[in-house]
Amino acid sequence: MASFHGNKINPSRFSLGQLKFFVFLVPLGIIMVLPIFFIFSQSLKPLDELFLYPPTFLVQKPTFENIGSLLTVADITRIPATKYLFNSLMITLFVVVLSLVISAMTGYALSKKQFRLRKVLFEVNTIALMFVPAAVTIPRYLVVEKLGLINTYMGHILPLLALPVGVFLIKQFVDQIPNELIEAAQIDGATDITVFAKIVMPIIQPAMATVAILAFQAAWNNTETSTLYMSQETLKTFAFYMTTLTSTVGNNVAGQGMAAAAALLMFVPNLIIFIFMQSRVMDTMAHSGIK
Amino acid sequence: MKMKMKKTKREAMIGYMLISPWVIGFLVFMAYPLFFSLYMSFNKVMITPYGIETHFLGWGNYKDAFLVDVDFTQKLFLFLKSNILMIPIVIVFSLFVALLINQPIRGRNLFRAIFFLPVVITSGEVVQELFSQGAATIPIVEKYGIITMIQDNLSPGMAGPIIGIINQFILILWYSGVQILIFLAGLQKVNTQVYEAAAMDGASPWVTFWKITLPEVKPFILVNLIYTIIDLFTNGFSDVIKLIQDNMFKANTGFGYASALAWIYFTVIFAVLLIFVLFFRNKDQSIRAARRS
């Protein structure tokens, strides 16, 4: 199914005619994948290799020393690492699901529903995207405090839900759906929910998957809410925990190895969610029936 | 007539209902903090044990940014110089890649995944780690003297930005993930029969690109322009943003001054965006006019 593209036939075999594309794609593709090898190789490097100059790209004598020392340090802190992990998983799950629902609803309404503030709201959203996030830190703290969200899970989740980029992307994709398609469905008796589930959702899947990845990263890598809004250690996130682990050892030599291991540990879930999502990202226009 | 009134009203009501969670969240966590920071940018803000104290300064913070602060204007200018050139390059590059991976080639899905990969790399700690290890430069370029060659053959004013682009080439690749996706979605919408008809009429791939593909993806170029500018200018690597963050907790400058810097920066980004969008629109119109004649 996935390989069917109208009249284009996806060749199953390499032919000479494709060579000109590969000349560009292969080198560029390699550059794209390199960082991932780098992260893995870096975390496996023994200390002397980490400080080697000029630095080598790939590890020569791989060792699990860095990961081991990260885990030992994790052992001697009071709160088990699993608690932080649980916090992060919960927060990430809620942020991804809720921001998908909110962004999809908003993007759909801003694109296809007629009401007065429609255009203004979308422009306000785009303008808000341009603002330096750091500059609203203190006012946002005041808001969080006033709402009584300090030291609650909600304090982690709610500030992250305002993901203007999600609304921006989804609205752009919904714009591509012809109004006639929706009207035709409505004439056939489809309700708003049916229209949304059967027509809009399949078409905006690439955008939804992208927003899911972006929201996942925002939540998973988030240390800001832990530093600012949480004073109770048991409520902080795994990302925050990782930064404390590497900073307690200080900027000394051993810390570098642990930082590399922590980077790997933080990155792997990103990679997993990417692999899980990417098949949804690229190939959906073919089935949408709006060619 | 009456029926129609009812229907549009109902439409509007559903619309408002759908956006209300977002609007509330936006007002509380974006709009209010934004206006609060605007207010603070006109004040001297001190965080004391008794709470936040403010003294009204008028335009004082803004004047300081341009007249007293040696770092800010310099960093802002440098940042603009190196990034404005990157915007069209990211756009052209991502369109190029999108065209390639829209071709019927073997391993297409794999390539699509690979070129979307930057989305998980460029955010968060990962890219920070990569930068500190110097993984974002291409060693080959320096090894084979490409940079010195450029320096020898071009005027310093020309060579500077070009070398900057070569050095940042990997960065450009990494910042095009979402843009490639947006272009790809646009390309997949083009009716394949149009291409066939063009080929029948003897149009070369080059002509087909300018006459069919480009007009079709035009709306996506605008979307990508906005996305690229936002992505480049508000990520954590901007020296200007780092400067703003540093100023936030300095005793003699404080949050008020940092807010003023943030608003100046915001105005600059907005101006850049406006220039690009207006330029793009003008171009668009002239192309259309040319086609009509």
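Conventions and cut-offs
Residues numbered from 1 in each chain as written. Chains lettered and ligands numbered in written order. Predicted model: local features only at pLDDT ≥ 70, side-chain atom pairs only at ≥ 80, totals over all residues. Heavy atoms only, no water. Helix = DSSP H or I, 4+ residues; strand = E, 2+ residues; numbered from the N terminus. Buried < 20%, exposed > 50% of the residue type's maximum accessible area, 1.4 Å probe, protein only. Contact = heavy atoms within 4.5 Å. Areas by Shrake-Rupley, 256 points an atom, 1.4 Å probe, with all protein chains shown as cover. Patch = residues over 30% accessible without salt bridge, like charges linked within 9 Å, V, L, I, M, F, W, Y side chains within 5 Å. Salt bridge = Lys/Arg side-chain N within 4 Å of Asp/Glu carboxyl O. Phe/Tyr/Trp six-rings, centres within 6.5 Å; stacked < 30°, edge-to-face > 60°. Lys NZ or Arg CZ within 6 Å of the ring centre and 35° of its normal. Buried area = accessible area lost by both parts, 1.4 Å probe. Polar contact = N/O pair within 3.5 Å; in protein donor to acceptor, adjacent residues only side chain to side chain. Core = buried A, V, L, I, M, F, W, Y, C linked by side-chain atoms within 4.5 Å. Domains from an automatic or database assignment. pLDDT = per-residue confidence, 0-100.

1. Thoughts on the overall build of chain A
Point 1. Scanning chain A from terminus to terminus reveals 13 helices and two strands.
Point 2. Across the 291 residues in chain A, those meeting the buried criterion constitute 53%.
Point 3. Put simply, of all contacts in chain A between residues at least 6 apart along the chain, 72% involve residues at least 24 apart.
Point 4. As presented, chain A carries roughly 13,600 Å² of accessible surface, and 69% of it is formed by carbon and sulfur atoms.

2. Observations concerning the overall build of chain B
Point 1. Helices and strands together make up the secondary structure of chain B, namely 16 helices and two strands.
Point 2. Here chain B holds 293 residues, and 48% of them are scored as buried.
Point 3. The long-range fraction of contacts in chain B, counting pairs at least 24 apart against all pairs at least 6 apart in sequence, stands at 70%.
Point 4. Summed over its atoms, the accessible surface of chain B is roughly 15,300 Å², and 68% of this surface lies on carbon and sulfur atoms.

3. Things to note about a nonpolar patch on the surface
Point 1. Taken together, the side chains of Leu19, Val23 and Phe24 of chain A together with Phe96 of chain B define a hydrophobic patch exposed on the protein surface, amounting to about 350 Å² of accessible area.
Point 2. Top element by residues in the nonpolar patch is helix H1 (residues 19-43) of chain A. It accounts for three residues.
Point 3. Looking at the secondary structure, you find Phe24 of chain A in helix H1.
Point 4. Residue classification places Phe24 of chain A among the partly exposed residues on the basis of a relative accessible area of 41%.

4. A short note on the packing of aromatic side chains
Point 1. Inspection of every chain in the model, using the stated rule, returns 23 aromatic pairs over all chains.
Point 2. Each ring, one from Phe36 of chain B and one from Tyr39 of chain B, has its centre 6.3 Å from the other, and the planes form 55°; the classification is tilted. Residue Phe36 of chain B and its partner Tyr39 of chain B are located together in helix H1 (residues 2-41), separated by three residues, close to a single helical turn.
Point 3. Ring geometry for Phe266 of chain B and Phe270 of chain B: centres 6.3 Å apart, planes at 25°, overall stacked. Here Phe266 of chain B pairs with Phe270 of chain B, and both are found in helix H16 (residues 254-292), just four residues apart, close to one helical turn.
Point 4. Aromatic rings pair up to connect Tyr84, Phe216, Trp220, Phe238 and Tyr241 of chain A into one cluster.
Point 5. Its guanidinium or amino end placed over the ring of Phe122 of chain A, Lys171 of chain A lies 4.3 Å from that ring's centre, counting from NZ or CZ.

5. Description of the interface of chain B and chain A
Point 1. Taken together, the contact between chain B and chain A spans 86 residues of the former and 93 residues of the latter.
Point 2. Across the chain B to chain A interface the summed buried area is about 8,600 Å²; carbon plus sulfur atoms make up 78%.
Point 3. Between chain B and chain A we count zero salt bridges in total.
Point 4. Linking chain B with chain A are one residue pair in polar contact (both at pLDDT 80 or more).
Point 5. Top element by residues in the side of chain B that touches chain A is H1 of chain B. It accounts for 21 residues.

6. Considerations on the nonpolar core
Point 1. One finds Phe115, Phe233 and Tyr265 of chain B to be the most contacted residues of the largest nonpolar core, which totals 174 residues.
Point 2. Two domains each donate at least three residues to this core, and these are domain 1 (15-63) and domain 2 (76-287) of chain A.

7. Looking at the environment of Phe115 of chain A
Point 1. One can find Phe115 of chain A in the loop between helix H4 (81-112) and helix H5 (118-129).
Point 2. What makes Phe115 of chain A buried here is its relative accessible area of 8%.
Point 3. The residues touching Phe115 of chain A, leaving out its near neighbours within four places in the chain, are Ala109, Leu110 and Leu121 of chain A together with Ala12, Gly15, Tyr16 and Ile19 of chain B.

8. Side note on the confidence of the model for chain A
Residue and element names in this part refer to chain A.
Point 1. Per-residue confidence for chain A averages 77 on the pLDDT scale, and 82% of its residues sit at or above 70.
Point 2. In the model, residues 1-10 has pLDDT below 50 throughout and makes 18 contacts with residues more than four positions away in sequence or in other chains.
Point 3. Scored below 50 in pLDDT, residues 284-291 shows 23 contacts in the model against residues more than four places distant or in partner chains.

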